[in-house]
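# An overview of the molecular structure
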Amino acid sequence: MSPRSRIEQLRQEIRRADQLYYGEGQPELSDSEYDALFRELRDLEAEHPDLITPDSPTQRVGAPLSSGRDAVQGDHLAPMLSIESLTSADEVREFDSRARKHLDLPDGTALRYAVEPKFDGVSASLLYEDGALTRALSRGDGARGDDITASIRTIRDVPLHLEGPGPFPTRIEVRGEVLLGRTAFARLQQQLETTMETPFRNPRNLVAGSLKLLDPKIVARRRLEFICWGLGHVEGLSATTHTEQQARLAEFGFRIPEPRQEVDDVDGVLAFHRDVEATRDDAEYEMDGIVAKVNELDLQRRLGRRSRAPRWVLAFKFAPRRATTEVLAITAQVGRTGAITPVADLAPTELAGVTVRRATLHNWGLLRERDVREGDSVEIERAGDVIPEVVHVHTERRGKGSRQFEPPEECPACGSALETEGAFLYCLNLECPAQIKGRIVHMASRRALDIGRLGPKYVDQLLEAGLIAHPEDVFTLRERREEIQALDRWGERSYLRLAEELEKAMQPELARFLYALGIRHVGETTARDLAESFETLDALRTATIEQLQEVDGVGEEVANSIHNFFSIQGNLRFLEAARDAGLSIRSPKSAEGPLAGRVFCFTGGLASLSRDDAQRLVEERGAKTSKSITKKVTDVVLGENAGSKAEKAKKLELRTLDEAAFLALIGRAT
Ligand SMILES: [Zn+2]
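Parameters at a glance
Along each chain, numbering runs from 1 in the same order as the chain's sequence is written. For a predicted model such as this one, the threshold for reporting local features is a pLDDT of at least 70, and the threshold for listing and counting side-chain atom pairs is 80 or more; totals across whole chains, interfaces and linings nevertheless cover every residue. For side-chain calculations, the full set of non-hydrogen atoms in the structure is used, while hydrogens and water are omitted. With water excluded from the atoms, a metal site may look incomplete; its donors are any N, O or S atoms within 2.8 Å, or within 3.2 Å for Na, K and Ca. In this scheme the shape depends on donor count and angles: four donors with every angle between 85 and 135 degrees give tetrahedral, four or six donors with opposite pairs above 155 degrees and others between 65 and 115 give square planar or octahedral in turn, and any other case is irregular. What counts as a helix is a DSSP run of H or I of at least four residues, what counts as a strand is a run of E of at least two, and both are numbered from the N terminus. Here the term buried applies to any residue with accessible area under 20% of the maximum for its type, exposed to any over 50%, and partly exposed to those in between, with areas from a 1.4 Å probe on protein chains only. For two strands to pair, DSSP has to find at least two bridges joining them. pLDDT is a residue-level measure of predictor confidence that goes from 0 to 100. Contacts: residue pairs with any heavy atoms within 4.5 Å of one another. Residue ranges for the domains trace back to a domain assignment, done automatically or taken from a database. With axes taken as lines fitted to C-alpha atoms, and helix axes fitted only over the stretch in contact, angles between N-to-C directions fall between 0 and 180 degrees. Put simply, a nonpolar core is a bunch of buried Ala, Val, Leu, Ile, Met, Phe, Trp, Tyr and Cys residues held in one set by side-chain atoms that sit within 4.5 Å of each other. Any carboxyl oxygen of Asp or Glu that lies within 4 Å of a side-chain nitrogen of Lys or Arg is treated as forming a salt bridge with it.

Listed as protein donors to the zinc ion are Cys-411 (SG), Cys-414 (SG), Cys-427 (SG) and Cys-432 (SG); their distances from the metal cover 2.3 to 2.4 Å. Considering all 4 donor atoms around the zinc ion, angles at the metal cover 101 to 116° and the coordination shape is tetrahedral. Linear spacing of the donor residues for the zinc ion on their chain is C-x2-C-x12-C-x4-C. Of the two residues, Cys-411 sits in the loop between β16 (389-393) and β17 (419-421) while Cys-427 sits in the loop between β18 (424-426) and α12 (436-444), which places them 16 residues apart along the sequence. Like Cys-427, Cys-411 is buried.

Put simply, side chains in a regular strand alternate between the two faces of the sheet. Counting buried residues along strand β15 (residues 377-381), 5 of its 5 residues qualify, which places the element largely inside the surrounding structure. Here β15 shows no split at all, with Ser-377, Glu-379 and Glu-381 on one side and Val-378 and Ile-380 on the other all buried. Where strand β12 (residues 322-334) lies against β15, 5 bridges are found, and the strand directions are antiparallel. Bridge assignment links Ala-323 to a residue of β15, and that residue is Ile-380. Here β15 runs beside β16; their pairing, made up of 4 bridges, is antiparallel. By the bridge assignment, Glu-381 is partnered in β16 with Glu-389.

Here the chain averages 85 in pLDDT, and 91% of its residues register 70 or above. Note that residues 61-69 has pLDDT below 50 and, in this model, 28 contacts with residues that lie over four places away or in other chains.

Take the domain arrangement of the chain next. As far as domains go, the chain holds domain 1 (3-59), domain 2 (84-317), domain 3 (322-397), domain 4 (428-579) and domain 5 (599-665). On a C-alpha basis, the centres of domain 2 and domain 4 stand 44 Å from each other.

On to the sheet that holds strand β11 (residues 313-317), then. If you trace the 5 strands from one edge of the open sheet to the other, you get β2-β11-β10-β3-β9, paired in mixed fashion. Each edge of the open sheet is held by one strand with a lone partner, namely β2 (84-86) and β9 (261-263). For this sheet the average axis-to-axis angle between neighbouring strands, irrespective of direction, equals 30°.

This part covers the nonpolar core. For soluble globular proteins, nonpolar side chains are generally found buried alongside one another. Core analysis: the largest hydrophobic core is formed by 56 residues, its most contacted members being Leu-517 and Leu-530. Elements supplying a minimum of two residues to this core: α12, α13 (456-464), α15 (492-505), α16 (510-516), α17 (524-534), α18 (537-541), α20 (556-565) and α21 (569-580). Here this core takes 6 residues from α16, the largest share from any one element. Sequence-distant contacts of Leu-517, defined by excluding residues within four places in its chain, comprise Leu-430, Arg-439, Phe-565, Phe-566, Phe-574 and Leu-575. If you look at the next biggest cluster of nonpolar residues, it comprises 32 residues, including Ile-152, Leu-224, Leu-237 and Phe-254.

Turning our eyes to something else, we now look at the pattern of salt bridges. Under the criterion given, the structure shown has 38 salt bridges. Here Arg-98 makes a salt bridge to Glu-94, at a shortest N to O gap of 3.9 Å. Placement of both Arg-98 and Glu-94 in helix α3 (residues 89-102) is noted, with a separation of 4 residues, approximately one turn of the helix. In this structure, Asp-264 engages Arg-112 in a salt bridge whose closest nitrogen and oxygen atoms are separated by 2.3 Å. Within this pair, whereas Asp-264 is found in the loop between β9 and α9 (266-278), its partner Arg-112 is found in the loop between α3 and β3 (113-119), the two being separated by 152 residues in sequence. Taking the relative accessible area as the measure of exposure, Arg-112 reaches 36% and is therefore partly exposed. Salt bridges here are not isolated pairs; linked through shared partners, they connect Glu-84, Glu-94, Arg-98 and Arg-306.

Turning our eyes to something else, we now look at unusual backbone geometry. For the peptide bond that leads from Glu-258 to Pro-259, omega is -10°, which places it in the cis range. Positive phi is not limited to glycine here, since Asp-130 has a value of about 50°. Locating Asp-130 in the fold gives a position in the loop between β4 (122-129) and β5 (132-138). A positive phi angle, near 75°, is found at His-521, a position not held by glycine. As for its position among the elements, His-521 is in the loop between α16 and α17. You can call His-521 partly exposed: its relative accessible area is 27%.

Moving on, we get to the sheet that holds strand β20 (residues 624-626). Taken in spatial order, the 4 strands of this open sheet run β20-β19-β21-β22, and their pairing is parallel. The sheet is open, and its two borders are formed by β20 and β22 (655-657), each paired with just one other strand. Shown here is a sheet whose adjacent strand axes are inclined to one another by a mean of 30°, direction ignored. Relative to β22, strand β21 (residues 635-638) runs parallel, the two being bridged by 3 bridges. Its bridge partner being in β22, Val-637 is matched across the sheet by Leu-657. Across the face of the sheet, helix α23 (residues 644-651) comes into contact with β19 (599-603), β21 and β22 while running at roughly 140° to β19.

This is the structure we're talking about:
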């Protein structure tokens, strides 16, 4: 390949990666892979300067602007530059000697550096005017960024007004990294999985995705953090060194990087790199290297910048945790919430102290693009404690007869047809054996049916004991008292608590129940909107895609997902079984239906409906029900063998209905 076409190819790949990284929050290349492409391009351009074009990724700062439809943008007062990324001690020494030469320092004079970890998060620039936070921008292309003020304001580490007695700088741009700790990430990952949203690959993806959310309430729940590493534009703050600036920022109430240090020379930079790299696995935040800044601000100014990066700051990356191994097989794995992902079974290999046997291929689009095949020799990489991923295929070592891997057409666990959504595949069957635990845990979660006793451990136990085989078995657990009480860690009290929680859970509000179903894209808010529009599960179940889309916030994707959900036999079986078990869903507008204001009392048996169903039907139409005849009762439904309540109704001169009249009233003629 000619240098010209290789350069073009590299530029295209880098642009595409930028788009995914900054535009969609789900990058496909690992960082070191990206860096490798970038370095190759930079080196090639250095060899062939005539091929450099102004639009080459090496010639600009940062990344393209996000094309998010609702993004409002703003200008950075001072550009947000990139940092030169180095990977060897030699390169760091070279950087240092270049800088000393540029400053014309006498031989033997060392440059002092401020060193700190390079956190792997999302950069942001916060503008404070007279002490008050007035705007926050993402990095964007370095000159302009997206306005993320609403999201940033939800981060607790971000002071809305600078702390301390003042006076405060007239205008400063505080720059830092939005991060999510590993513990918080693990917890959120679990939550997002149970709400069936696409899980994020790593904390940085999650942060990037969160900052794009337009609803600050959701962002607030994600508990993002902010650590500030520097300043952009400065008016009215005097300092002579970076360290001094950091100290002022700490006084203003910001968190500044830990560990950090001031070192006497380039050897100090290298030593700090060694120390921090040795502890990276235990650190709460993902970091991919260290940053060293010439500490004196005056020297920084004198050093200035080249087109893309300042001459006074460097990033010394940590070694990527990579290894080469062989793909023994590719399998489709059903996640506990129905996402079906390709996984590579690998020839066991050592990687940063861990034996790795599997790597994720993330999704079918990525598998197709990287074209990973069984028998391939591949590079895998592990970031933090995340599952390793396949980052490169040695296609040149591939033997004849290797075949591209095709995604499955049906669920490998239950055989259901799969829903395709872009690069993702999902099994939506509630009765899928691979998902039963995840489905039940989600169904029982606090915002769904709120059955506290059915946490993951106990669900496991009930599954093992054979007391649950399908999700609907949850609704009949009350009938298994003896067996449950005989289990380890269960006794009478635990059983009674479960029974009590179940009783409440049997009469959920429609919105909660919809959320509990775990329909893809139907989170709590959508569930509430749907419940308010359709009022009954039957109405929702039989709605057309067009009718679904009439609900605020329900687009084509969501409507399709709901429609597909109700077309799966296993799901309909579940709903029927749940009703048979006595589940009675409450309508959200119980005061606004056609029967609003009326109170029904049932007596005797109905031939065509169970008592529970009859109650549910009137409740869904806005009426209330009463177990006994009181003064509030307006209607008494008389079934067979009605007995004493019929007498009482007559005495109180209440309206009475027989079964046929009742069915006519609720629109269910026989
Ligand atoms: Zn399945």
